[in-house]
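So you can see what is in the structure, the chains are spelled out below.
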Amino acid sequence: MNAKYRDGINYVSKLSFARVWNMLLLVFSYWLSKIAKKAYHMGAPTSISLEPTTSCNLRCPECPSGLRSFSRPTGMLTDETYKAVIDQLGKRLTYLIFYFQGEPYLNPKFLDQVTYAANKKIYTATSTNAHYLTDEIAKRTVESGLDRLIISIDGTTQETYEQYRIGGSLDKVIEGTKNMVKWKKALKSKTPHIMFQYLVVRPNEHQLDEAKALGKELGVDEVAFKTAQIYDYEEGSDLIPTLEQYARYKQRTDGKWEIKNKLLNHCWKMWHSCVITWDGKVVPCCFDKDAHYQLGSMEALDFNQVWKGEAYQNFRQSLIRSRSEIEMCKNCSEGTKVWA
């Protein structure tokens, strides 16, 4: 069976009546809001991103963790905050991403937290730079019940890889990948679905075919190419690829650069998902790296009060009124997604 198909079957197997009904409520309220030009909302998040930590071992140039440029504090997701989220949302939650900023494996409780969600039949995923996938940790990862493991691999030679993954070792990524593939086979496990994710930037765009070949050689389940978000793109950047299909930006006749997508006055993410930082801040999406648009906190309120609260509804309404008014939405590709 094709690995992507098997992964899809695994996801569907976790659905329940409550989760499917919740999805239908979300889709209905989203389209009602689009048509009526007023924010209506029914249901709970079907997908959330939880941040295990803001710490990271690398210094990637377009990442706040790598640049050490956060205006918010660095820390680790505690079991108390984590279990409060899962216990409140678990019955209707279908997809849990253990990632926002930072390297998840730096949190010593990370794999135990994965198991807690897996036992509630929630589809779990994470993204890692793979530098901590030792033989022991790889075995524990498979045993944790993690459904999807995204491994960042942005080059097929050390010279190319380290131009973006500054401070990283391609040999460690390959070794960690081999450990994962080995233990997945040894334990006769169908999970996790192991994916190479290749962030396409100008220094590595010449190695796309080699990345596919390397993924096949190592036995990963999928190789995916991702466009890069560039923060200061207006004057251009050495990271913007020359391959048009992998660039989020285009150059105007006056020499300035702009995002390709038209900013549409709606966003599916605001109806079906959110991000919760390591210290319990609830923010609208993964573009809010510094939690500037905090809409509530798990420390002060239960999640439903935040999700249905005045601040969240006002934010949704502002998107419907004029998305261009929200600074972080100006550099977003969400407008081309299927639900838009």
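Attention in this report is confined to the structure presented alongside it. Predicted model, so just to flag it, every value in this text is computed and none were measured.

Observations regarding empty space enclosed by the protein
The method is simple in principle: a probe with the dimensions of a water molecule rolls over the atoms, and the space it marks as empty is what remains. Considering all chains together, one arrives at 1 cavity of 30 Å³ or more under this definition. Of the residues contributing to the lining of the largest cavity, the split by class is 8 nonpolar, no polar and 1 charged.

So, the sheet that holds strand E2 (residues 95-98)
The strand order across the open sheet built from 9 strands is E6-E5-E4-E3-E2-E1-E9-E10-E11, with neighbouring strands paired in mixed fashion. Two strands in the sheet have a free side with no partner beyond their single neighbour: strand E6 (222-227) and strand E11 (296-297). This element, helix H4 (residues 79-89), spans strand E1 (47-50), E2 and strand E9 (273-276) of the sheet and lies at about 175° to E1.

Quick notes on a nonpolar patch on the surface
A contiguous nonpolar surface patch, about 460 Å² in accessible area, is contributed by Phe17, Val20, Trp21 and Leu24. Here Trp21 shows up in helix H2 (residues 17-36).

Examining the packing of aromatic side chains
One pass over the full model with this rule turns up 16 aromatic pairs. Each ring, one from Tyr82 and one from Phe98, has its centre 5.8 Å from the other, and the planes form 35°; the classification is tilted. Of this pair, Tyr82 sits in helix H4 while Phe98 sits in strand E2, and the two are 16 residues apart along the sequence. When its relative accessible area of 0% is taken as the criterion, Tyr82 is described as buried.

Side note on unusual backbone geometry
Note that the residue after Thr191, namely Pro192, is joined by a cis bond; omega there is 0°. Within the secondary structure layout, Pro192 lies in the loop between helix H8 (170-186) and strand E5 (193-200). At Ala130, a position not held by glycine, the phi torsion is positive, near 70°. Within the element layout of this structure, Ala130 appears in the loop between strand E3 (123-128) and helix H6 (135-144). Although it is not a glycine, Ala291 adopts a positive phi angle of roughly 55°. With respect to the helices and strands, the residue Ala291 is situated in the loop between strand E10 (281-283) and E11.

Concerning the environment of Glu244
Mapped onto the elements of the fold, Glu244 is located in the loop between E6 and strand E7 (249-251). Here the alpha-carbon distance between Glu244 and Ala117, two residues 127 residues apart in the chain, equals 39 Å.

Description of the pairing of E2
Of the two faces of E2, the one holding Leu96 and Phe98 is buried and the one holding Tyr95 and Ile97 is not buried anywhere. When E1 meets E2, the two strands line up parallel, connected through 3 bridges. If you follow Ser47 over to E2, its bridge partner there is Tyr95. Inspection of the sheet shows E2 paired to E3 by 4 bridges, in the parallel sense.

Topic: helix H12 (residues 310-322)
The terminal C-alpha atoms of H12, which comprises 13 residues, lie 18 Å apart, in line with the 18 Å expected from a rise of 1.5 Å per residue. Inspection of H12 places Tyr312, Phe315, Arg316, Ser318, Leu319, Ile320 and Ser322 among the buried residues, and these make up the whole buried set. The secondary structure elements touched by the buried residues of H12 are H2, helix H10 (269-272), E9, E10 and helix H11 (303-307).

Calculation notes
- Residues numbered from 1 in each chain as written.
- Predicted model: local features only at pLDDT ≥ 70, side-chain atom pairs only at ≥ 80, totals over all residues.
- Heavy atoms only, no water.
- 1 Å grid on protein atoms, 1.4 Å probe; cavity = no way out; pocket = protein on both sides within 12 Å on 5 of 7 lines; lining within 4 Å.
- Points joined across faces, edges and corners; volume = space filled by probe spheres on them.
- Nonpolar A, V, L, I, M, F, W, Y, C, P; charged D, E, K, R; others polar.
- Pairing = 2+ DSSP bridges.
- Helix = DSSP H or I, 4+ residues; strand = E, 2+ residues; numbered from the N terminus.
- Contact = heavy atoms within 4.5 Å.
- Axes fitted to C-alpha atoms, helices over the stretch in contact; angles between N-to-C directions.
- Patch = residues over 30% accessible without salt bridge, like charges linked within 9 Å, V, L, I, M, F, W, Y side chains within 5 Å.
- Areas by Shrake-Rupley, 256 points an atom, 1.4 Å probe, with all protein chains shown as cover.
- Salt bridge = Lys/Arg side-chain N within 4 Å of Asp/Glu carboxyl O.
- Phe/Tyr/Trp six-rings, centres within 6.5 Å; stacked < 30°, edge-to-face > 60°.
- Buried < 20%, exposed > 50% of the residue type's maximum accessible area, 1.4 Å probe, protein only.
- Expected span 1.5 Å × (residues − 1).

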